[in-house]
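One-letter residues, chain by chain:
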Amino acid sequence: MLKIKHLYFSYDKKEILKNIDLQLTGGIGCLLGPNGAGKSTLLKCIAGILNPRAGEIQLNGKDVEKLDFKERAKFVSYAPQEFSVNFPYTVFEIVLMGRNPHINILEGPKKDDVEETKKAIQTLKLAKFENIPFTSLSGGEKRLTLIARALSQNGQLMLFDEPTSFLDFRNQLIVLTVINKIAKRFKKLVLVSLHDPNLALSFCDKVFLLKEGTILKNGNTDEVITEENIDLLYSLKSRLVKLGNKRFIIPEKLL
Amino acid sequence: MKKFLTLYILVFIGSLFAGRLLLNPLHFSTLSKTILLDVRLPRIIIASLAGAGLSLAGLAFQNLFRNYLAGPNIVGASSGAAFGAVLAILFFSFNPLYIQLSSFIFGIIAVTIAYKMSKLVGNGIVGLLLAGIAVSALFTSMVGMAKYMADPYDKLPTIVFWLLGSFSGMRWKDLLFLLFPISIGITGIVLLRWPFNILSLGDSEAKSLGLNVNIYRKVIIVLAALSVSSATAIGGIIGWIGLVSPHIARLLVGYDNRRLVPASAFVGATLLLFCDDIARSIAATELPISVITSLIGAPLLILILARRFKYVKN
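Just so you know, these numbers come straight off a predicted model, no measurement behind them.

Right, let's talk about the overall build of chain B for a bit. Scanning chain B for helices and strands turns up 13 helices and zero strands. Its helices and strands in sequence order give chain B the pattern α-α-α-α-α-α-α-α-α-α-α-α-α, from N to C terminus. The C-alpha extent of chain B, read off along each of the three principal axes, is 65 × 50 × 35 Å. Looking at the 314 residues of chain B, the share that counts as buried comes to 50%.

Given below as structure tokens:
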């Protein structure tokens, strides 16, 4: 269980996150909100890349803020929104780097690290790309490689920062289906940030609406994604439609 | 890695016999024994260590700055060392020990200044890059000033020759000076080859993968500074080895630092040793080493980049 209490974060004087309270007990949670709402910042705080000014982040009752980098990375996997490598490491090498928190720095990866890496690559069906430079992959393949890395890192909590950004219609579906599968099969706690409320409706169990650094609403997806809440979140007029047993939200006009 | 070792050993053995005095392995006179054991052997070992140290420092900075064009001088180590040497030449009568000591100390000082200043001008690695460029320029200009003020008949030729680099006249006692700092540098970098991969992904990535970036960055800068400063102190300014060797190694073993680090060490050692052989045997007098390393290094780099470009295009 992920529990965040009274979390504050600021860059110098500018306050980005204000009194964030968040609880995720299982399944896939989704941060939804406009650009600049603080979604990425919140994920980076949880991943330990940024240091919050105040507040607590607990994972299964353990205070992750108090752990050192290495210990923390054993519990929290993180895949960034933008990932640029300057050196053309192969897919295998990138996924192997996910094992870092389990590796002795001076000894380097061992046999079981290589095995875990192979397993993660198999799970994501990336075996044919194993020895291909990461830099030559397509956007969708890159995302899948990063998910494989998060899997080989094997954190109980997995954070994906906008895993669908820059992806085509089909690849968005592929990526979220894979994340969903991993969450169920390996019983991981997953927190993603998304831009499309419709993707949240089809894939996420819980939604946190984030606006200007505070959590507007949170709860089960169907309860939170309503016309009223979405209008408030994005400052527009939307309409919720039902198609069969699925629900979609469509933007109608700007306010 | 066996291939690299074999190639190195071949060049090593060849180096023993390279030179103006031809040695007949079947007829060893006392003179040839002296030349072999007291002149050539220490020089070969020193050139190898310096080559390995420079190459590893170059590779370390390329990973740290995530940039192919980073060389050993990127945080000012060589410029500082050059200034230290020039200072010693100006103020003391020509004494190799003083020159080496002063050069080494100023190399470390330059890196320390760059590191301290980096916090003022930017975040993390960008700050270090900017500060490094500034410190490097500062020491280079002071070297220029010293050259301008130096006695043109007595001191200036020494300074110019030193700045072009040379391993001429190296004996076992010079190795003693070099051995300690450069061994720490080389061994440290070789031991830290795995975290190089993680560091080369950038700060945020490395942190989220559980690496304490600040500590490792500091340690690696210290190790690289030790290598560059001691190599420069002993051999003068040696260009191109630190930049080109990691590129050659990449072509041969790929990008994973677990293989790339030892490969770069061997390539650097082999390449500098080979260049030094040319420097001491091609002409009637010794040629400065930097002349040879640039002459060989620059075309090599173009060749490598052309090959990579072709690979990227396809």
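Within chain A one finds nine helices and 12 strands. In summary, chain A has a C-alpha radius of gyration of 18 Å against a globular reference of 18 Å for 255 residues, a match within 12%. Its C-alpha atoms give chain A principal-axis dimensions of about 55 × 40 × 30 Å. A burial count over chain A gives 45% of its 255 residues as buried. Taking all contacts inside chain A whose residues are at least 6 apart in sequence as the whole, residues at least 24 apart take part in 65%.

Bringing the interface of chain B and chain A into the picture now. On the side of chain A, 25 residues touch chain B, which itself brings 20 residues to the contact. The set of elements that each furnish at least two residues to the side of chain B that touches chain A consists of helix 8 (193–199) and helix 9 (203–208) of chain B.

Here we take up the confidence of the model for chain B. Mean pLDDT over chain B stands at 91; residues scoring 70 or higher make up 98%. Note on the complex model: pTM 0.93, ipTM 0.93.

Residues and elements named next belong to chain A. On the basis of which strands lie adjacent, the open sheet formed by four strands has the order 2-1-4-5 and antiparallel pairing. On the outer flanks of this sheet lie strand 2 (14–24) and strand 5 (62–63), each paired with one strand and no other. Taken together, the two bridges between strand 4 (residues 54–59) and strand 5 define a ladder with antiparallel strand orientation. Pairing of L59 across the sheet is with K62, part of strand 5. Sheet contacts for helix 1 (residues 39–47): strand 1 (2–11), strand 2 and strand 4; angle to strand 2, the most-contacted strand, approximately 65°.

What follows concerns helix 4 (residues 111–123) of chain A. All names here are of chain A. Its 13 residues place the ends of helix 4 18 Å apart at the C-alpha level, agreeing with the 18 Å of an ideal helix rising 1.5 Å per residue. At its buried positions, helix 4 is contacted by helix 3 (91–97) and helix 5 (139–153). Immediately beyond the C-terminal end of helix 4, within one or two residues, lies K125, with a positive phi of roughly 55°.

Looking now at the environment of I28 of chain A. Residues and elements named next belong to chain A. Position of I28 among the secondary structure elements: in strand 3 (residues 28–32). For the pair I28 and K181, spaced 153 residues apart in sequence, the C-alpha to C-alpha distance is 10 Å. Non-local contacts of I28, meaning those with residues more than four positions away in its chain, are made with N180, A183, V190, V192, F203, C204 and D205.

Moving on to the sheet that holds strand 10 (residues 214–220) of chain A. Residue and element names in this part refer to chain A. Taken in spatial order, the six strands of this open sheet run 6-7-8-3-9-10, and their pairing is mixed. Of all strands in the sheet, those with a lone pairing partner are strand 6 (76–79) and strand 10, marking the two edges. Taken over all neighbouring pairs, the strand axes of this sheet differ in orientation by 15° on average, direction set aside. Helix-sheet contacts for helix 1 involve strand 3, strand 6, strand 7 (157–161), strand 8 (189–194) and strand 9 (206–211), and the interaxial angle to strand 7 is about 150°. Strands strand 6 and strand 7 of the sheet are contacted by helix 5, whose axis makes an angle of about 170° with strand 6.

Let's shift gears to the domain arrangement of chain A. Residue and element names in this part refer to chain A. Considered domain by domain, chain A is made up of domain 1 (2–224) and domain 2 (225–255). Computed from C-alpha atoms alone, the centre-to-centre distance between domain 1 and domain 2 is 27 Å. Listed as interface residues are 15 residues of domain 1 and, on the opposing side, nine residues of domain 2. Of all elements in the fold, only helix 7 (197–203), strand 9, strand 10 and helix 8 (221–224) reach the threshold of two or more residues within the side of domain 1 that touches domain 2. The biggest single contributor to the side of domain 1 that touches domain 2 is helix 7, with four residues. Residue composition of the side of domain 1 that touches domain 2, by class: nine nonpolar, three polar and three charged.

What follows covers the nonpolar core. Counting 169 residues, the largest nonpolar core has C30, L32 and L159 of chain A together with A60 of chain B as the members making the most contacts within it. Per-domain counts for this core show at least three residues from each of domain 1 (2–224) and domain 2 (225–255) of chain A.

The rules behind the values
Residues numbered from 1 in each chain as written. Chains lettered and ligands numbered in written order. Predicted model: local features only at pLDDT ≥ 70, side-chain atom pairs only at ≥ 80, totals over all residues. Helix = DSSP H or I, 4+ residues; strand = E, 2+ residues; numbered from the N terminus. Buried ≥ 20, exposed ≤ 12 C-beta atoms within 10 Å, placed from the backbone. Rg over C-alpha atoms; globule rule 2.2 N^0.38 Å. Contact = placed C-beta atoms within 7 Å. pLDDT = per-residue confidence, 0-100. Pairing = 2+ DSSP bridges. Axes fitted to C-alpha atoms, helices over the stretch in contact; angles between N-to-C directions. Expected span 1.5 Å × (residues − 1). Domains from an automatic or database assignment. Nonpolar A, V, L, I, M, F, W, Y, C, P; charged D, E, K, R; others polar. Core = buried A, V, L, I, M, F, W, Y, C linked by C-beta atoms within 7 Å.

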